[in-house]
Amino acid sequence: MKGQTGTIEDFKGSWNSGIAFLTVKHEDGTTQLIYCDNAATVRALDSLFGNVIGNDHTVNIEAIRGKKIAYCLDECGFVLAWIRGIEE
């Protein structure tokens, strides 16, 4: 699986459904909407960047917006498989 890089623009998720969407902008200007597991992705983002999880189980978007990441989708190409931060 080939990894990609980009900058986080947005994250929207539903605690009840467990589904979330991470919006990533690539260097060529294209934007990709990535399906992901809500809880696991929020915990991963918090581990990478800190201050992501709010006291009321909300996501602090400002803690991740503009952060550069490397990521890979699953073998079907639909769901986030892994993510890591990129130092600037």
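For clarity, every value in this text was computed on a predicted model and none was experimentally measured.

Notes on the nonpolar core
Judged by nonpolar contacts, the single largest core of 18 residues is most densely connected at Phe11, Leu22, Ile34, Leu45, Ile69, Tyr71 and Ile83. Those elements that provide at least two residues to this core are strand 1 (4-13), strand 2 (19-25), strand 3 (31-37), helix 1 (38-49), strand 4 (68-73) and strand 5 (80-85). What Leu45 contacts, discounting residues up to four positions off in sequence, is Ile8, Phe11, Leu22, Gly50, Val52, Ile64 and Ile83.

Describing the sheet that holds strand 4
A sheet is described by the order of its strands in space; here five strands give the open sequence 3-2-1-4-5, paired in antiparallel fashion. Looking at which strands have only one partner, the edges of the open sheet turn out to be strand 3 and strand 5. Each neighbouring strand pair of the sheet contributes to a mean axis angle of 45°, computed without reference to strand direction.

Observations concerning the layout of surface pockets
Looking at the largest pocket, its volume works out to about 290 Å³. In terms of lining residues, the largest pocket is bounded by 15 residues, among which Trp15, Asn38, Ala39, Val42 and His57 are the most central. Partitioned by chemical class, the residues of the lining of the largest pocket number six nonpolar, six polar and three charged.

Topic: the side chain of Thr23
Within the element layout of this structure, Thr23 appears in strand 2. Not counting chain neighbours up to four residues away, the residues in contact with Thr23 comprise Thr7, Ile8, Glu9, Asp10, Thr31, Gln32 and Leu33.

Observations concerning the pattern of salt bridges
Enumeration over the complete set of coordinates arrives at three salt bridges. In this structure, the salt-bridge partner of Asp10 is Lys12, at a minimum N-O distance of 3.3 Å. You can call Asp10 buried: its relative accessible area is 17%. With a shortest N-O distance of 3.6 Å, Asp10 and Arg65 are connected by a salt bridge.

Quick look at the pairing of strand 1
Here strand 1 runs beside strand 4; their pairing, made up of four bridges, is antiparallel. Paired with Gln4 across the two strands is Tyr71, which belongs to strand 4. As paired strands, strand 1 and strand 2 are joined by six bridges and run antiparallel to one another. If you follow Ile8 over to strand 2, its bridge partner there is Val24.

Regarding the side chain of Asn38
With respect to the helices, strands and loops of the structure, Asn38 is situated in helix 1. Judged by its relative accessible area of 10%, Asn38 is buried. Of the polar contacts made by the side chain of Asn38, one reaches the backbone oxygen of Ser14; its length is 3.4 Å.

Criteria and cut-off values
Residues numbered from 1 in each chain as written. Predicted model: local features only at pLDDT ≥ 70, side-chain atom pairs only at ≥ 80, totals over all residues. Heavy atoms only, no water. Core = buried A, V, L, I, M, F, W, Y, C linked by side-chain atoms within 4.5 Å. Buried < 20%, exposed > 50% of the residue type's maximum accessible area, 1.4 Å probe, protein only. Helix = DSSP H or I, 4+ residues; strand = E, 2+ residues; numbered from the N terminus. Contact = heavy atoms within 4.5 Å. Pairing = 2+ DSSP bridges. Axes fitted to C-alpha atoms, helices over the stretch in contact; angles between N-to-C directions. 1 Å grid on protein atoms, 1.4 Å probe; cavity = no way out; pocket = protein on both sides within 12 Å on 5 of 7 lines; lining within 4 Å. Points joined across faces, edges and corners; volume = space filled by probe spheres on them. Nonpolar A, V, L, I, M, F, W, Y, C, P; charged D, E, K, R; others polar. Salt bridge = Lys/Arg side-chain N within 4 Å of Asp/Glu carboxyl O. Polar contact = N/O pair within 3.5 Å; in protein donor to acceptor, adjacent residues only side chain to side chain.

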